[in-house]
Amino acid sequence: MNQTNPPENNIEAKPAPVRSWQSRGRIFGIPVSLIAIWAALFVAASAVPALPVPGMGGMITVNAIMTAISGVVLGPAAAVANMAGAIIATILFPFGAFFGPISFLTATVGGLIAGLTFANRWKLAGAIELLLIASWFVNPASWQPYMYLVPLPYTGIAVLVIFIKPLREWARNQILTQNKVWMWPALFLFASIGHAGEYLTSNSMTNWMYNLTWQYWIPTLPYWIGVDTVIVVLSMVVGVGVLIGLHRARLPHASDLYIKK
Amino acid sequence: MADVGYINQDSFLHRLDARTKLILMLAILVVVLVFTDPIYVIAILFLVLGAWKLAKLPLNMVGDIFKYFTGIAVIIFVLQAFFYPGETNLLQISNPIPAIGFSGYITLQGVMYGLALVLRLVVIMTVAPLLVMTTPMSDLMLALVKFKVPYRFAFILTTAMSLFPSIQNRAELIQQAQLCRGVGDFESGNFFVRLRASASILTPLILGAFRDSQILDVAMSSRAFGAPIQRTFLLESHFRQADYIFLAGSCLSLVGAVILRIMHLGVV
């Protein structure tokens, strides 16, 4: 029998599998299994009440932290993970869903903007951020006195990071290279983008659906700034721990995709 | 936080296809957002409460839901009653206070608008549990797949749903471990303390879950997840006559609501 073995160098000649954006079992380069796990974590975090919403029976839950850091952990796939998690959370805990079946939009948009910025797709992230800002300002309720102040604090930071290239590049690099000192402020900036996306969507939907006037927004503004600061700072603490842990344990996350080798 | 789940009953709403119920829910959401006249919104609310009753769901749950938004409902109503720029004065409260934008009067239009927004909130808050309590989770997922939602997303939803209890258990274990280390006070203390304590759970929880995801990834790959094949399903759903009637009703109500709005009806 004339049997020929394939030469060994044929095996070596095959190119190594390359991670592509459309590769099987992945969304934006992140394994579907990881996205499903994140969605389950999001649901679990939605069951933990953290901060009361002034005048409402509802609570801001720990999932606000998950949304804020989702972009740097999963990249743009954070939008899919947060959307799945938020849909399930709305199904399991519908009593807190003030926007009914579209409540999932807030966490989705937050994850999407932060994820796109982390993936350096800043034009798309910026366009979505500007659309969000526009959705706030085209509402006649936002033309009332001082209403421009409401989205200003963290949305301002988000706009600066997205559109100012040196700042964006610096923040990305600190996270990608896991700089022990500067990773903290960098994560603060990215958590601000994620959280700002979430709360601006939420605020805009509140205004369109329930028409809250400046007499609600302005007196409660200091409280909201305090809440946002607590959430962003905690997100930074959790985010740094998670990213360092993922890197040391060599577990897959978004930084693997964007780091220059 | 209170949660709701599927309640097994024999009612027309339970028998409807999950797709029909999803479309109905979205139609109700759109229609209720179109109108700002409380009479129109009350009519929609009665429709939802009627469906609630016909589905043999406990009506006392509506009261439970109300607990969650009483505060915001009061705020919405008071803000509109006091600050909505109406024409028909009902009651003089004080002299005009320009600094806070108060004309001194409570107007009929303000009261009507405030009432409509509160009723809108009630409708939105009662319609979502109606869907959840009359539809098994498997049917909801199947409905999403039938709506041509990518299978990968439907898979994420079902996997996340099934993993949620084990992640909650893991969170409790981590909480106990952190308590043993004296890391955080989860039960008492002010909310900053509790929030910091919750954050101390998140990091180990996320890392542990990510480690587990690798096992899931291997299991998925070994089953050729994502292979380009024609997928079949264990469960199947079909539209029946009642589904077509309700779908037609939803479309007609949407069109009707838009026409009424164009004719300036249903608006304060």
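Residues numbered from 1 in each chain as written. Chains lettered and ligands numbered in written order. Predicted model: local features only at pLDDT ≥ 70, side-chain atom pairs only at ≥ 80, totals over all residues. Heavy atoms only, no water.

1. Quick word on the domain arrangement of chain B
Residue and element names in this part refer to chain B. In terms of domains, chain B is made up of domain 1 (1–135 + 238–268) and domain 2 (136–237). Just the C-alpha atoms count here: the centres of domain 1 and domain 2 sit 32 Å apart. Roughly 850 Å² of surface becomes buried between domain 1 and domain 2 when both sides are summed, with 78% attributable to carbon and sulfur atoms. When the buried surface of domain 1 facing domain 2 is broken down by residue, R19, T135 and H238 rank first, second and third, together holding 55% of it. Connecting domain 1 to domain 2 are zero salt bridges. The interface formed by domain 1 and domain 2 holds zero residue pairs in polar contact (both at pLDDT 80 or more) in total. Listing elements by their share of the side of domain 1 that touches domain 2, those giving two or more residues are α2 (18–34) and α5 (108–134). Ranked by the residues each element gives to the side of domain 1 that touches domain 2, the list is headed by α2, at four residues. For the side of domain 1 that touches domain 2, a count of residues per class yields six nonpolar, three polar and two charged. (Domains from an automatic or database assignment. Buried area = accessible area lost by both parts, 1.4 Å probe. Salt bridge = Lys/Arg side-chain N within 4 Å of Asp/Glu carboxyl O. Polar contact = N/O pair within 3.5 Å; in protein donor to acceptor, adjacent residues only side chain to side chain. Helix = DSSP H or I, 4+ residues; strand = E, 2+ residues; numbered from the N terminus. Nonpolar A, V, L, I, M, F, W, Y, C, P; charged D, E, K, R; others polar.)

2. What to know about the layout of surface pockets
All names here are of chain B. Put simply, the largest pocket is a space of about 550 Å³. Contributing to the lining of the largest pocket are 28 residues, with L24, I28, L47, V48 and S253 lying nearest its centre. Only α1 (12–15), α2, α3 (38–54), α5 and α9 (241–262) provide two or more residues apiece to the lining of the largest pocket. It is α3 that provides the largest number of residues to the lining of the largest pocket, a total of eight residues. (1 Å grid on protein atoms, 1.4 Å probe; cavity = no way out; pocket = protein on both sides within 12 Å on 5 of 7 lines; lining within 4 Å. Points joined across faces, edges and corners; volume = space filled by probe spheres on them.)

3. A word on the pattern of salt bridges
Residues and elements named next belong to chain B. In the structure shown here, the tally under the stated rule is three salt bridges over all chains. For R19, the salt bridge is made with D17, and the minimal N-O distance between the two is 3.0 Å. Among the ionic pairs, D212 bridges to R170, the shortest N-O distance being 2.2 Å. Here the residue D212 occupies a position in helix α8 (residues 191–222), and R170 occupies one in helix α7 (residues 151–180), the gap between them amounting to 42 residues. Judged by its relative accessible area of 31%, D212 falls in the partly exposed class. Classification of R170 as partly exposed rests on a relative accessible area of 25%. (Buried < 20%, exposed > 50% of the residue type's maximum accessible area, 1.4 Å probe, protein only.)

4. Here's the deal with the interface of chain A and chain B
With 71 residues of chain A at the contact, the number on the chain B side is 70 residues. Carbon and sulfur atoms make up 81% of the surface buried where chain A meets chain B, a total of about 6300 Å² over both sides. There are zero salt bridges connecting chain A and chain B. At the boundary of chain A with chain B, the tally comes to six residue pairs in polar contact (both at pLDDT 80 or more). Sort the elements by how many residues they give to the side of chain A that touches chain B and helix α2 (residues 32–46) of chain A lands first, with 13 residues. A breakdown of the residues in the side of chain A that touches chain B according to their chemical character gives 54 nonpolar, 14 polar and three charged. (Contact = heavy atoms within 4.5 Å.)

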